[in-house]
Amino acid sequence: MRFLHTSDWHLGKIFYEYSLIEDQRNFINQIVQILEKGEAEGHPYSGLLVPGDIYDRAVPPAEATEIFSEFLSEVNKKFPELHMFFISGNHDSPSRLAFGTHFFKAHNIHIVTDCKNYTEPVIVERGGEKTAVYSLPYLYPLAIETEEKNEDGNEKFLRSQQDLYEKVCSSIIENHNKNYKELPIVLCAHLFTMGSCVSKSERSNVGTAEQVDVSLFKDFDYGAFGHIHGNQTCDKEHKCWYSGAPLAYNFDDSENTFFLDVEISSRGEKPSVNKIPVMPLHSIARLEGKFSEFYGVNADSTKWKQYKDCFVHVNLTDEVPVNNAYDFLKTVFPNLLLITRKTSGSGENTSGIQQRKQAIQTNNPELIFSQFLNDVYGNNLEETQLIKDEKELMKKSAEEIKWGENL
C-alpha cells in the first residue's frame, strides 16, 4: 500500500516580512501532481499523511485557509478513494482545525485534533490490501488520562511527552494486537524524538524534557512524524521518518526539501521510503562579502544573476557600515530579505566586554561614545571627518546635558 508523507506546511507563514502564500500554493500544486502521476502510472496512493503544523499560527490568515480548503476540495474530487490524514501540531489551533471534521470524515478526510479515540484506527483498504492508521495530535500535558496510581497511591497525571507517549503507544499496540493483529500499523504523530536534528526555524523545546525516546515506536511499521523541519529518519531500522517542511523557513534551513513516497507491504516488514524533491518557487541563498563585490563598478554582475529568483541573505564584511546598503543591493537581488554585517565584535572575547563595562562605569559620555564607535567601526578606525563630526556633536550634547542638570 502506497502513502505520501508531507508535514509542517505552516500555511500563512511570513518570511522576513515576505508572504509565502504563492510559494506554498506552488508546493500544494506539486502534491496534486504527484497524486495524479501515481494514478496515471497505475500505482495510486492510498493515503496522504500530514502530521501537523498545517498552519503557521493559531489564527491563520484568510489566504491560508483558502489554500487548504481548495486543496481538500480538489484532491477529494480527483481522488475520492484517497484517505487524507491531518493532525494538529503545536502551531495549529485544534478547535479551528477541527471545523467540519464529521463532514470531512464521510469523504475520507480525517482531521484529528484530540485524543478521544486515539486507540481506534482508520482502516485504509485498496486493491484487497488493508493498513491501520492511527493519528495522534501534538500532546499537551494532561491530554491523556490514566487510571494508574503513583507510588504514594495518588492519581497519576501524565505531563511530560515521554510519559504521554509511553501510555499512548502501549495502549495502541495492545488494542491493535487484539483487534487488527494481521494488519500493518502506521502512526501519524507530531513530536520531537531524541537525537533528531533541529533547525533554527523550529520552535523546539529546550533540553530533553519534551523529547521522546524513539524506541517507543518499535512495534509500528511506519511512523509518519511532523515537528522537525529537516528531512530525516530517526531510528536505526528507518521505520520512523520526518518528511520535513516542504520549504526552507529560515536561512539556516537546508534548501533541499522533500515529500516521502512510502510503500508498506505487510505487518513486521520494513517499509520502502523514497524521497521526492520539492521544486521551490524561490530557493534560498546566503552570500557573504564586501559591499563592492555585490554593487558598483568593481562588482561582477554576471556572478549574481543566478540569484535573481532566490530569497537572499547578504552578510557584509565591510569594516565601515554602508549607508542605504539594502536599497542598493535590492537592485541586484530583487528578493533580498536580510542584510547582516560581520563586525569586529563578532566572537569577541571577555576583554572586549570588560572594556565596554569599564567605559560605562566611568559615566563619561565621551568615553562611552568612543567605545561605541570602536564597536561599530572597529578598534583601528581612522579619524575621518565623519568620525570627528560625530565626536564633536557628542561633546556638545554632553555639555548641554550638564548645563541642564545645573539649572
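Quantities reported herein were computed from a predicted structural model and do not represent experimental measurements. All residue numbers refer to position in the chain's written sequence, counted from 1. For a predicted model such as this one, the threshold for reporting local features is a pLDDT of at least 70, and the threshold for listing and counting side-chain atom pairs is 80 or more; totals across whole chains, interfaces and linings nevertheless cover every residue. Hydrogens and waters are ignored; side-chain quantities use all the structure's heavy atoms.

Draft legend 1. Geometry of the sheet that holds strand 15 (residues 284-289). In space, the 3 strands of this open sheet follow the order 15-16-17, with parallel pairing throughout. Across the chains shown, the open sheet's two edge strands, defined by having one partner strand only, are strand 15 and strand 17 (336-341). Averaged over all pairs of adjacent strands, the angle between strand axes in this sheet comes to 15°, irrespective of strand direction. Two strands are counted as paired when DSSP detects at least two bridges linking them. Strands here are runs of E lasting at least two residues and helices are runs of H or I lasting at least four, both read from the DSSP assignment and numbered beginning at the N terminus. Two strands pair when backbone bridges link them, and strand 16 (residues 311-316) and strand 17 are joined in this way by 5 bridges, in the parallel orientation. Bridge pairing links V312 to L336 in strand 17. Inter-axis angles, ranging from 0 to 180 degrees, are taken between N-to-C directions of lines fitted to C-alpha atoms, where helices are fitted over the stretch in contact.

Draft legend 2. Region of interest: the sheet that holds strand 1 (residues 2-5). The 6 strands lie next to each other as 6-5-4-1-13-14, forming an open sheet whose pairing is mixed. Every interior strand has two partners, whereas the edge strands, strand 6 (109-112) and strand 14 (272-277), have only one. The average angle at which neighbouring strand axes cross in this sheet is 20°, direction not considered. Where strand 4 (residues 47-50) and strand 5 (residues 83-87) come together, 4 bridges link them in parallel fashion. Residue pairing across strands places V50 opposite F86, the latter belonging to strand 5. The strands touched by helix 2 (residues 62-78) are strand 4, strand 5 and strand 6; relative to strand 5, the strand with the most contacts, the crossing angle is about 160°. Residue contacts are counted whenever heavy atoms from the two residues lie within 4.5 Å of one another.

Draft legend 3. Layout of the nonpolar core. Here the nonpolar core consists of buried residues drawn from Ala, Val, Leu, Ile, Met, Phe, Trp, Tyr and Cys, with membership extended through side-chain atoms lying within 4.5 Å. Only protein chains enter the area calculation, which uses a 1.4 Å probe; residues under 20% of their type maximum are buried, those over 50% are exposed, and those in between are partly exposed. If you look at the biggest cluster of nonpolar residues, it comprises 42 residues, and the most contacted ones within it are W9, F27, I31, F71 and F86. Where this core is concerned, the elements lending two or more residues are helix 1 (21-40), strand 4, helix 2, strand 5, strand 6 and strand 17. A total of 7 residues in this core trace back to one element, the largest contributor, which is helix 1. In this view, I31 contacts L4, T6, W9, L48, F71 and F259; residues no more than four positions away in its chain are not counted. Within the second largest apolar cluster, 28 residues are counted, among which are L136, L191, V214 and C240.

Draft legend 4. Inspection of helix 5 (residues 161-179) at higher detail. In this model, helix 5 (19 residues) spans 27 Å end to end at C-alpha, consistent with the 27 Å of a helix rising 1.5 Å per residue. For helix 5, every residue scored as buried is listed here: Q161, Q162, L164, Y165, V168, C169, S171, I172, I173, N175 and H176. Residues of helix 5 that are buried make contact with strand 8 (129-136) and strand 9 (185-190). Given the number of residues in a helix, its expected span is that number minus one, multiplied by 1.5 Å.

Draft legend 5. Examining the packing of aromatic side chains more closely. Aromatic rings from Phe, Tyr and Trp, with only the six-membered ring used for Trp, were paired whenever their centres fell within 6.5 Å, and each pair was classed as stacked if the ring planes differed by under 30 degrees, edge-to-face if by over 60, and tilted otherwise. Taken as a whole, this structure holds 24 aromatic pairs when the rule is applied. An angle of 90° between the planes, with centres 5.5 Å apart, marks the rings of W9 and F71 as edge-to-face. Taken together, the positions of W9 in the loop between strand 1 and strand 2 (14-15) and F71 in helix 2 put the pair 62 residues apart, joining distant regions of the chain. Its relative accessible area of 0% is what places W9 among the buried residues. On the basis of relative accessible area, F71 is assigned to the buried category, the value being 1%. Three or more aromatic residues joined by ring pairs form one cluster here, namely W9, F27, Y55, F68, F71 and F86. A positively charged side chain is recorded as over a ring if its NZ (Lys) or CZ (Arg) lies within 6 Å of the ring centre. The angle to the ring normal must also be within 35 degrees. Over the ring of Y45 we find R2, and its NZ or CZ is 4.1 Å from the ring centre. Here the guanidinium or amino end of K275 rests over the ring plane of F258, the centre of that ring lying 5.2 Å away.

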